[in-house]
Structure formats: C-alpha cells, structure tokens
Amino acid sequence: QSSKFGVLVDIAADNILRTCMWISSDFRLLTALIVSTEWITMVCTQLHASQSNEQHWKEAREKDPKWIQAIFVNNFKSPLGIVCISGLFGSGYMAYASGQPILVRAIPCFGIIRSVVFFGRLVAFLAELWLCSSYLTLVLDKDTTMIKKKTDKEE
C-alpha cells in the first residue's frame with residue numbers, strides 16, 4: 001500500500017476474496033448484508049480519508065471511540081484487531097464450511113472456531129457501521145456548513 005492506487009487495489013482484492021467466500025456459503029441473507037456493508041465501508045473510508053487532510057484511512061482514527069482505536073492499534077496487531085481481522089477473513093470460510101458436513105467433522109473444535117470467528121465478524125460489522133456513520137456525519141456537517149454560508153450570503 002505505497003500509493004493511493006495500491007491502497008484501493010489491496011482493499012478491493014480483499015473485498016473480492018471475502019465476497020467470493022460469502023457467496024459460496026449457504027447464508028444468503030447474511031451474505032447480502034455482509035458483502036454490501038464491506039463495499040459501502042470501502043467507499044466511505046476512502047472518501048473520508050480523501051477529505052481528511054489526505055491521511056491514510058487507517059490513520060485518520062483520532063476522533064473515533066476507544067474500541068475502534070483499539071482495533072487499529074499497530075495495524076490491527078492488538079487483541080481486538082486480531083479478533084476483528086480473523087472475523088473479516090475467516091467468517092466467509094466458516095460460513096461455507098458450515099454447509100459442508102465433511103468439513104464440520106474434519107476441522108477440530110469446529111464449533112468453537114466458528115463461534116470465535118463469527119464474533120470477530122460481528123465486531124468488524126459494528127466497526128464498519130461506525131466508519132460509515134463517521135463519514136456520513138462528515139458529509140452532513142460539510143453540507144450544513146455550506147448551506148449556512150449560502151443562506152448567510154443571501155441575507
């Protein structure tokens with residue numbers, strides 16, 4: 001991720017991988033929610049970063065709640081970050097494996113692993129909702145400021 005284009009390619013590649021795994025699972029309704037949220041979050045984080053002094057989206061976190069900041073510590077190398085990333089990347093695989101009895105039997109402690117990974121995906125989903133709402137707040141604040149300036153000039 002040494003350029004803005006590289007950042008987009010990296011994020012898009014990750015999203016495509018996770019989308020493919022979710023699509024192959026039997027969790028149809030959850031798949032639509034997860035995949036849509038991931039792509040919307042990608043758009044929101046990139047737009048937010050482009051409007052926040054050109055910071056990398058992972059670095060523009062100083063105004064976020066402590067639990068969001070805890071996810072991003074040391075580039076996700078924190079307990080909450082590891083849980084979150086394992087949920088992001090592992091939940092699609094576990095959703096697929098859940099529909100394959102041979103995999104359920106072959107993977108030791110399948111139920112425990114699936115529970116931990118799905119918990120991580122829940123944490124990631126909540127973080128994605130925060131990131132999207134944070135961007136929406138920025139947009140609404142800018143729109144409000146613009147409208148106020150426009151009405152002040154008209155008066």
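The preceding data block contains the structure.
Numbering of residues begins from 1 in every chain and follows the order in which that chain's sequence is written. It should be noted that, the model being predicted, local features are given only for residues of pLDDT at least 70 and side-chain atom pairs only at 80 or more, the latter also being counted only at that level, while totals for whole chains, interfaces and linings use all residues. Each side-chain value is worked out from all heavy atoms of the structure, with water and hydrogens disregarded.

Draft legend 1. Focus on the overall build of the protein. Strands are runs of DSSP state E lasting at least two residues, helices are runs of H or I lasting at least four, and both sets are numbered from the N terminus onward. Counting its regular elements, the protein contains six helices and zero strands. Reading the helices (α) and strands (β) of the protein from amino to carboxyl end gives α-α-α-α-α-α. Between buried and exposed lies partly exposed: a residue is buried under 20% and exposed over 50% of the maximum accessible area for its type, with that area taken using a 1.4 Å probe on protein chains only. When the 155 residues of the protein are sorted by exposure, 35% land in the buried category. To measure how exposed things are, a 1.4 Å probe is used in the Shrake-Rupley method; for residues, cover is taken only from the protein chains shown. Surface accessibility of the protein: about 9500 Å² in total, with carbon and sulfur atoms responsible for 69%. Residues scored as charged are limited to Lys and Arg (positive) and Asp and Glu (negative), so that His and the chain ends carry no count. Note that the charge is assigned to NZ on lysines, CZ on arginines, CG on aspartates and CD on glutamates. Here the protein carries 16 positive and 14 negative side-chain charges, and the mean point of each set is 5 Å from the other.

Draft legend 2. Quick peek at the packing of aromatic side chains. Aromatic rings from Phe, Tyr and Trp, with only the six-membered ring used for Trp, were paired whenever their centres fell within 6.5 Å, and each pair was classed as stacked if the ring planes differed by under 30 degrees, edge-to-face if by over 60, and tilted otherwise. Counting across every chain of the model gives three aromatic pairs. Measuring from centroid to centroid gives 6.1 Å for F27 and F118, while their planes differ by 85 degrees, and the two rings are edge-to-face. Taken together, the positions of F27 in the loop between α1 (4–23) and α2 (28–50) and F118 in helix α6 (residues 110–154) put the pair 91 residues apart, joining distant regions of the chain. Judged by centre distance (5.1 Å) and plane angle (45 degrees), the ring pair of F72 and F76 falls under tilted. For F72, a relative accessible area of 13% gives the class buried. Using a relative accessible area of 16% as the deciding quantity, one classes F76 as buried. Aromatic ring contacts, followed pair by pair, group W22, F27 and F118 into a single cluster. When the ring centre of F89 is taken as origin, the NZ or CZ atom of R18, which lies over that ring, is 4.6 Å away. In this scheme, the term charge over a ring applies when either NZ of a lysine or CZ of an arginine sits within 6 Å of the ring centre and within 35 degrees of the ring normal.

Draft legend 3. Geometry of empty space enclosed by the protein. In this analysis, the protein atoms alone were mapped onto a 1 Å grid. Cavities are point sets where a 1.4 Å probe fits without being able to get out; pockets are open sets with protein on both sides within 12 Å along at least five of seven lines; lining residues have an atom within 4 Å of a point. Grid points are joined across faces, edges and corners, and a volume is the space filled by probe spheres set on the points. Throughout the structure, instances matching the rule amount to two cavities of 30 Å³ or more. Every residue along the wall of the second largest cavity is listed here: L17, R18, M21, W22, L88, F89, G92 and Y93. Mapped by element, the contributors of at least two residues to the lining of the second largest cavity are α1 and α4 (79–98). For this classification, Asp, Glu, Lys and Arg are treated as charged, while Ala, Val, Leu, Ile, Met, Phe, Trp, Tyr, Cys and Pro are nonpolar and the rest, including Gly, are polar. In terms of residue class, the lining of the second largest cavity is built from six nonpolar, one polar and one charged.

Draft legend 4. Seen up close, the packing of α2 against α6. With their axes 9 Å apart at the nearest point, α2 and α6 run at an angle of 40 degrees to one another. By the angle class used here, α2 and α6 are oblique. Crossing geometry of α2 relative to α6 is assigned as left-handed. Every residue of α6 that contacts α2 at L33, I34, T37, E38, I40, T41, C44, T45, L47 and H48 is listed here: R121, F125, E128, L131, C132, S134, Y135 and L138. Taken together, the residues that form the contact of α2 with α6 break down as ten nonpolar, five polar and three charged. As a rule, the C-alpha atoms of each element are fitted with a line to give its axis, helices using only the stretch in contact, and angles between N-to-C directions run from 0 to 180 degrees. Oblique is the label for any angle not covered by the other classes, which are roughly parallel (under 35 degrees), roughly antiparallel (over 145) and roughly perpendicular (65 to 115). Handedness of a crossing is defined here by the sense of rotation of the near helix relative to the far one, left-handed for an anticlockwise turn of less than a right angle and right-handed for a clockwise turn. Two residues form a contact once any of their heavy atoms are found within 4.5 Å.

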